[in-house]
Amino acid sequence: MRGYTMVKYAFITGASRGIGAAIAEELAKNGYHLYLTCKNSADLLCRLAAKLEETYSISCTCFVGDISDYHFVSECFSSIQRLDVLINNAGISYVGLLSEMDVTDWNQVIGTNLSSAFYTSKLAIPLMLREKSGKIINISSMNAYTPLTKIPAYSGAKAAISNFTQWMAVHFADVGIRVNAIAPGYIMTDMMKTVPEDLLKKFAGLTMLGRLGQPEEIAKAALFLASDDASYVTGHVLSVNGGMRL
């Protein structure tokens, strides 16, 4: 039918702020209806959803809960009938020596950064198989390749996310599902804004471009991977880090 535009749906974890919120806005700007999750920032998430609905005339459904809990993820997906794009962005870290890390902290970091991507993918893939089309984008990290001290669980989880991305890409390519990841460098999120100025300058100096990235720059990379412009891209981990690995 002339003038008909297919409605598109995206599910984004960890969407209340930072990279997740920027991706939500970028996709909303491009006509996606959104399912958004967060754990502790319900007010922020609801305000973002209201803003996106009013600005871009799309719908947003918010889910508040622990993305590392399969029961919560299952409840989220129980009301979803169609899904075009899954963005696994939720992440937390623990800073400290391995010997000082509590088992509960380890499990929470692994659960939020890694297990959650398995849970959402497990439930999203059947929806995508119905359409023989879908895109999964996992947010990895530069720490998957250059692990820093005192973040053992985070580095390990992000390395596993990169590998999991490539595994899924191999196994679902023939059914029309593309799976990629983005490995951000130092990005100016709310957390990064608490870092002392001298340390921020040091981080910026580690990049070829001499600056930190913005959440919107990760969001644009996610939009590309979600779009038909990336129709020949799967199994790729896209480094968006200002040239840190050069």
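Everything here concerns the structure above.
Here goes a summary of the coordinates provided. Note that this is a predicted model, so its numbers are computed, not measured.

**What about helix H4 (residues 103–131)?**
Note: α-helices contain 3.6 residues per turn, so residues at a spacing of three or four share the same orientation. Compared with an ideal rise of 1.5 Å per residue, which puts 29 residues at 42 Å, H4 spans 41 Å between its outermost C-alpha atoms and is within 8% of the ideal. At Gly111, H4 shows its maximal bend, which comes to roughly 45°. Two to three positions downstream of the cap, the backbone nitrogen of Thr104 sits 2.8 Å from a side-chain oxygen, assigning the N-cap of H4 to Asp102.

**Quick look at helix H7 (residues 215–226)**
Relative to the 16 Å expected for twelve residues at 1.5 Å per residue, H7 spans 17 Å between its end C-alpha atoms, a close match to the ideal helical length. Residues Pro215, Ile218, Ala219, Ala221, Ala222, Leu223, Leu225 and Ala226 constitute the buried set of H7. Elements that come into contact with the buried residues of H7 comprise helix H1 (18–29), strand E2 (32–38), strand E4 (85–88), strand E5 (134–139), strand E6 (177–184) and strand E7 (237–240).

**With respect to the pattern of salt bridges**
Counting across every chain of the model gives ten salt bridges. Across the salt bridge formed by Lys51 and Glu25, the nearest N and O atoms sit 3.1 Å from each other. Here Lys51 is found in helix H2 (residues 42–56), whereas its partner Glu25 is found in helix H1, with 26 residues between them in sequence. According to the relative accessible area criterion, Lys51 is partly exposed, its value standing at 41%. Residues Asp190 and Lys193 are paired through a salt bridge, measuring 3.8 Å at the closest nitrogen-oxygen approach. Via salt bridges that share partners, Arg17, Asp190 and Lys193 belong to a single interconnected network.

**Quick notes on the packing of H1 against H7**
Where H1 contacts H7, the two axes come as close as 8 Å, and the packing angle between them is 50°. Classified by the interaxial angle, the pair formed by H1 and H7 is oblique. Considering only the axes of H1 and H7, their crossing is right-handed. Counted together, Gly18, Ile19, Ala22, Ile23, Glu26 and Leu27 of H1 and Pro215, Glu216, Ile218, Ala219, Lys220, Ala222 and Leu223 of H7 form the full contact between these two elements.

**Focus: the pairing of E2**
For E2, the tally of buried residues reaches seven of seven residues, placing the bulk of the element in the interior. With burial as the criterion, each face of E2 is covered, one bearing Tyr32, Leu34, Leu36 and Cys38 and the other bearing His33, Tyr35 and Thr37. Across five bridges, the pairing between strand E1 (residues 8–12) and E2 is parallel. By the bridge assignment, Tyr9 is partnered in E2 with His33. In this fold, E1 hands off to H1, which returns the chain to E2; that crossover is right-handed. Where E2 and strand E3 (residues 60–64) come together, five bridges link them in parallel fashion. Looking at E3, one finds that Leu36 is bridged to Cys62.

**Here we look at the nonpolar core**
Judged by nonpolar contacts, the single largest core of 33 residues is most densely connected at Ile12, Ile23, Leu27, Leu34, Leu36, Leu52 and Ile182. Setting aside chain neighbours within four positions, we find Ile12 in contact with Gly20, Ile23, Ala24, Leu27, Leu34, Tyr35, Leu36, Thr37 and Ile87. Residues Tyr35, Cys76, Ala117 and Ile177 belong to the second largest nonpolar core, which totals 27 residues.

**With respect to the packing of aromatic side chains**
According to the stated counting rule, one finds nine aromatic pairs in the structure shown. Ring centres of Tyr35 and Phe63 lie 6.4 Å apart, and the angle between their planes is 25°; on these two criteria the pair is classed as stacked. With a gap of 28 residues between them, Tyr35 in strand E2 and Phe63 in strand E3 connect regions that are remote in the sequence. For the pair Tyr35 and Phe63, one class covers both residues: buried. Judged by centre distance (5.7 Å) and plane angle (55°), the rings of Phe118 and Tyr119 are tilted. For Tyr119, a relative accessible area of 17% translates into the label buried. An aromatic cluster is present here, built from Tyr9, Phe11, Tyr35, Phe63 and Phe77 joined pairwise through their rings. Cation over ring: Lys8 sits above Tyr32, and NZ or CZ is 4.4 Å from the ring centre.

Criteria and cut-off values
- Residues numbered from 1 in each chain as written.
- Predicted model: local features only at pLDDT ≥ 70, side-chain atom pairs only at ≥ 80, totals over all residues.
- Heavy atoms only, no water.
- Helix = DSSP H or I, 4+ residues; strand = E, 2+ residues; numbered from the N terminus.
- Expected span 1.5 Å × (residues − 1).
- Bend = angle between axes of the 7 residues up to and from the residue.
- Polar contact = N/O pair within 3.5 Å; in protein donor to acceptor, adjacent residues only side chain to side chain.
- Buried < 20%, exposed > 50% of the residue type's maximum accessible area, 1.4 Å probe, protein only.
- Contact = heavy atoms within 4.5 Å.
- Salt bridge = Lys/Arg side-chain N within 4 Å of Asp/Glu carboxyl O.
- Axes fitted to C-alpha atoms, helices over the stretch in contact; angles between N-to-C directions.
- Parallel < 35°, antiparallel > 145°, perpendicular 65-115°, else oblique.
- Left-handed = near helix turned anticlockwise from the far one by under 90°.
- Pairing = 2+ DSSP bridges.
- Right-handed = clockwise from strand over helix to strand, strands pointing away.
- Core = buried A, V, L, I, M, F, W, Y, C linked by side-chain atoms within 4.5 Å.
- Phe/Tyr/Trp six-rings, centres within 6.5 Å; stacked < 30°, edge-to-face > 60°.
- Lys NZ or Arg CZ within 6 Å of the ring centre and 35° of its normal.

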